[in-house]
Each structure stands twice: as C-alpha cells, then as structure tokens.
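Close look at the chain arrangement
Now for the letters of each chain:
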Amino acid sequence: MPSRSELRQLYDAGAQLTPAIHQPQDWPYEVPHTLYEAYMWPLHDVGGHAAAPALFEEKEEEEWEDKTYVTCEVLGWKGVWNAEERRRRADNDVGVSIYYGFPYYGRWIWSAARMLVDKNHISLNELHEKIAEVKARYGNR
Amino acid sequence: METAETKTVETPGTKAPWEGTGVTLPARFKIGDRVRVRELPAIFYSRTQMYVRGVSGTVVRLNYPDLTPEDEAWNRYNAPQEQYYIVRFCQKDLWEEYPFQNDTLQSEYPESALEPATD
C-alpha cells in the first residue's frame, strides 16, 4: 500500500495527465464545437498536427518490446483479435493521455490485456491477482 | 478455476478468422477516375485521414477487396468486402501552404469512403 505522501504524489501526477490543450478541463458543460470535433476525432489520425519536439535516437527494440510484439501477434494467429482491432484498441481506445504518454509498445500490451478482459478470456480479478503476485516476486518494485 | 493458462482458444479453421466471409462488392471506380473523399463522421474509429476529407484525387490503382477498417475493427467478418483504391492527391490541394506545385500524395481507401468527384 502506498504511504499517504506517495498517494498524494500519485494524485498530483494524475492531475498532470489532463489532456494538453493547456487549459485544465473538468467535465465542462460548454464545449466549443471545434473542440468537440477534436475530441471525437480518432486519436491516431495525427497527420497535420503540430509535432511535439522529439529527440531522434538510434535504438534497438528492448526485450519487453519484442515480447509484447510476439504476444500480440500470437493472439492474432489464435484468432483472439485481428490487426485492425488491435489498432483500434491501442491507438484510440486507450484515451488521449495514454496515447501520448505511453511508449508505442506500452499501448500494445495495455490494449492486449484490456481485450482479454473485455472478451472474458481472463477476469479482471485474475489479472489483478497475477500482477500482485509478480510484483511480490520482484520485491514490489 | 479456469485461468489464462488453462483457457483454450478455439482453433481457427483453414481460413484465418479475420478474413471476411461476406459478399464481395463489384468495384465502382476504375483507374483514372476522379473521386472525392466523403465527409463522413469518424466517431470511434476510422482510417480515413481528416486532411483528405472533401478533397478530390485520381484513382491510380485498384488494390484488393477487403473488409472496411470500421467493420474489421469490431470483428464483423460477415460484412461486405469492398474494393480498396490508391488515390493520388495534389499536395497543394491538401495543404494550401505547400510550396511545390507538382508534388502528390497517395493513400488507400475502401470504396465507401469515396464518391464521384464533381469538380
């Protein structure tokens, strides 16, 4: 269990995830139409957007990234999902904060887990118990 | 208790389960036709970019018939399969400030994303 101060840090970090239109939003009743259209537009259609400054790095895939890729492809070969469903889930259904805030394969594995729960291949309780078990095995890091 | 490890996933048949099983619609456009990208809503999912909607281009290639992304993304394998087209646009038509007159951009669309161009 996180300490109270850790919990406060977590809440403060969560508050920082407010979608970056650079004005804090909190369930407003009035949404200007252009903003509404922007919210409703599929997240992955970023062509024409102003790009955030990014550092170009020559970098190999990390082991977790390769494992994520293979896991998601095997789920495809088994007929559990298809590539378009994966894109829909990993590029849109994650929501704007995770889309911009997670690494590319972080979104893949997030959406694979969500899909398995949505389709009742695993229960959410099983997933929670499994994550807790693995965390305990690694000393709760 | 059934766990992820014991859960058996149905073995796919001879055909990949994500392949369409519905009718294949005949192609409406041919190479050289002028087409306009329809201004449909994109609520929940689409792969038709915002910046091409309402813009006209030329069909330069007929690819294959397949499910639309909107159907495949929700596993609607019985939906009709549509012809996919490569459409060529002038960059100037897409981005007013684009500096080069002759540059083009090609992208791929299912038939239901397109209509005959009137301009």
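Look up a bit, the structure's there.
These lines cover the structure that appears in this document, whether it is placed above or below. Each chain carries its own residue numbering, running from 1 in the direction its sequence is written. All chains are assigned letters beginning with A, and all ligands numbers beginning with 1, in the order in which they are written. Local features are withheld for residues below a pLDDT of 70 in this predicted model, meaning they are given only at 70 or higher, and side-chain atom pairs are given and counted only at 80 or more; totals for whole chains, interfaces and linings count all residues. Here the side-chain values reflect all heavy atoms present in the structure, with hydrogen atoms and water set aside.

1. With respect to the interface of chain B and chain A
To keep things clear, this is the line we draw: Note on contacts: a residue pair qualifies if any of its non-hydrogen atoms lie within 4.5 Å across the two residues. Two parts placed together each lose some accessible area under a 1.4 Å probe, and adding up what both lose gives the buried area. Criterion for a salt bridge: a side-chain nitrogen of Lys or Arg within 4 Å of a carboxyl oxygen of Asp or Glu. Residue classes follow a fixed rule: Ala, Val, Leu, Ile, Met, Phe, Trp, Tyr, Cys and Pro count as nonpolar, while Asp, Glu, Lys and Arg count as charged, and any other residue, Gly among them, counts as polar.
Taken residue by residue, the interface counts 28 residues in chain B and 24 residues in chain A. Both faces considered, chain B and chain A share a buried interface measuring about 2100 Å² in area, 59% of it formed by carbon and sulfur atoms. Our enumeration of links across chain B and chain A arrives at one salt bridge. For the salt bridge of Glu84 of chain A with Arg47 of chain B, the shortest nitrogen-to-oxygen distance reads 3.3 Å. Among the residues forming the side of chain B that touches chain A, the class breakdown is 17 nonpolar, five polar and six charged.

2. Things to note about the packing of helix 4 (residues 83-93) of chain A against helix 6 (residues 104-118) of chain A
All names here are of chain A. In plain terms, the rule: The axes are straight lines fitted to the C-alpha atoms, using for helices just the contacting stretch, and the angles between their N-to-C directions are given from 0 to 180°. Think of it this way: any DSSP run of H or I at least four residues long counts as a helix, any run of E at least two long counts as a strand, and we number them from the N terminus. Angle categories are assigned with fixed cut-offs, so that under 35 degrees is roughly parallel, over 145 is roughly antiparallel, 65 to 115 is roughly perpendicular, and the rest are oblique. With the far helix as reference, a near helix turned anticlockwise by less than a right angle produces a left-handed crossing, and one turned clockwise produces a right-handed crossing.
Interhelical geometry of helix 4 versus helix 6 gives an angle of 115 degrees and a closest axis separation of 9 Å. The angle between the axes of helix 4 and helix 6 places the two elements in the roughly perpendicular class. Between helix 4 and helix 6 the crossing geometry is right-handed. Contact residues: Glu85, Arg86, Arg89, Ala90 and Asp91 in helix 4; Arg107, Trp108, Ser111, Arg114, Met115 and Asp118 in helix 6. Considering only residue class, the contact of helix 4 with helix 6 consists of three nonpolar, one polar and seven charged.

3. A few points about the packing of helix 3 (residues 63-77) of chain A against helix 6 of chain A
Packed helix pairs are characterised by how far apart their axes lie and by the angle those axes make with each other. Residue and element names in this part refer to chain A. The N-to-C vectors of helix 3 and helix 6 enclose an angle of 40 degrees; their axes lie 9 Å apart at closest approach. Crossing of helix 3 over helix 6 shows left-handed handedness. Contact with helix 3, carried on its side by Trp64, Glu65, Thr68, Tyr69, Cys72 and Leu75, involves Tyr105, Gly106, Trp108, Ile109, Ala112, Met115 and Leu116 of helix 6 and no other residues of that element. Class assignment of the residues belonging to the contact of helix 3 with helix 6 gives a composition of 10 nonpolar, two polar and one charged.

4. Digging into the nonpolar core
In plain terms, the rule: Within this scheme, the nonpolar core is defined by two criteria: the residues are buried Ala, Val, Leu, Ile, Met, Phe, Trp, Tyr or Cys, and they are joined through side-chain atoms within 4.5 Å. For every residue, the accessible area (1.4 Å probe, protein chains only) is compared with the maximum for its type, and the residue is labelled buried under 20%, exposed over 50%, or partly exposed between those bounds.
Formed by 15 residues in total, the largest nonpolar core has its most connected members in Val52, Val87, Phe89, Leu94, Tyr109 and Leu114 of chain B. Secondary-structure elements contributing two or more residues to this core are strand 1 (34-37), strand 3 (82-90) and strand 4 (104-110) of chain B. With three residues, strand 3 of chain B is the single largest residue contributor to this core. Here Tyr109 of chain B is in contact with Thr48, Gln49, Val52, Gln83, Tyr84, Tyr85, Val87, Phe89 and Leu114 of chain B, once residues within four sequence places are set aside. By size, the runner-up hydrophobic cluster in this structure holds 12 residues, among which are Ala90, Trp108, Ala112 and Leu116 of chain A.

5. Concerning the sheet that holds strand 2 (residues 56-66) of chain B
All names here are of chain B. Put simply, the rule is: Here the rule is simple: two strands pair whenever DSSP picks up at least two bridges between them.
An order of 4-3-2-1-5 is seen for the five strands of this open sheet, with the pairing classed as antiparallel. Lying at the two open borders of the sheet, with one neighbouring strand each, are strand 4 and strand 5 (114-116). Each neighbouring strand pair of the sheet contributes to a mean axis angle of 45 degrees, computed without reference to strand direction. The pairing of strand 1 with strand 2 spans three bridges and is antiparallel. From the neighbouring strand, Arg36 faces strand 2, where its bridge partner is Ser56.

6. Section: a nonpolar patch on the surface
Residues and elements named next belong to chain A. So the rule is basically this: To count toward a patch, a residue needs a relative accessible area over 30% and no salt bridge; like charges are then connected within 9 Å, while nonpolar side chains (Val, Leu, Ile, Met, Phe, Trp, Tyr) are connected within 5 Å. For the accessible areas, the method is Shrake-Rupley and the probe is 1.4 Å, while residue cover comes only from the protein chains on display.
Taken together, the side chains of Tyr69, Val70, Val74 and Trp77 define a hydrophobic patch exposed on the protein surface, amounting to about 400 Å² of accessible area. Following the sequence through the fold, Trp77 ends up in helix 3. Exposure remark for Trp77: the relative accessible area of 58% places this residue in the exposed category.

7. A short note on the packing of aromatic side chains
Where we set the bar: Aromatic pairs are defined between Phe, Tyr and Trp rings, using the six-membered ring for Trp, whenever the two ring centres lie within 6.5 Å; interplanar angles under 30 degrees are classed as stacked, those over 60 as edge-to-face, and all others as tilted. Working rule: Lys NZ or Arg CZ, within 6 Å of ring centre, within 35 degrees of ring normal, means a charge sits over the ring.
Applying the stated criterion across every chain, the model contains 11 aromatic pairs over all chains. Following the ring pairs from residue to residue traces out a cluster consisting of Tyr69, Tyr104, Tyr105 and Trp108 of chain A. Over the aromatic face of Trp108 of chain A sits the side chain of Arg86 of chain A, whose NZ or CZ is 3.8 Å from the ring centroid. The ring of Trp74 of chain B carries the charged tip of Arg88 of chain A above its face, separated from the ring centre by 4.0 Å.

8. So, unusual backbone geometry
One non-glycine residue, Trp27 of chain A, adopts positive backbone phi at about 50 degrees. Tracing the backbone through its elements, the reader meets Trp27 of chain A in the loop between helix 1 (4-15) and helix 2 (33-40). The exposed category is assigned to Trp27 of chain A, whose relative accessible area is 80%. Positive phi outside glycine occurs at Asn75 of chain B, with the angle close to 60 degrees. When you line up the elements, Asn75 of chain B lands in the loop between helix 1 (69-72) and strand 3.

9. Re the side chain of Glu111 of chain B
Residues and elements named next belong to chain B. Note the threshold: Charged-residue counts in this description rest on Lys and Arg as positive and Asp and Glu as negative, His and the chain ends being excluded.
With respect to the secondary-structure elements, Glu111 resides in the loop between strand 4 and strand 5. Notably, Glu111 is buried but unbridged: the nearest opposite-charge side chain belongs to Arg28, and the N-O separation is 5.3 Å. Once residues lying within four places of it in the same chain are set aside, the contact partners of Glu111 are Pro26, Ala27, Arg28, Phe29, Glu82, Gln83 and Tyr85.

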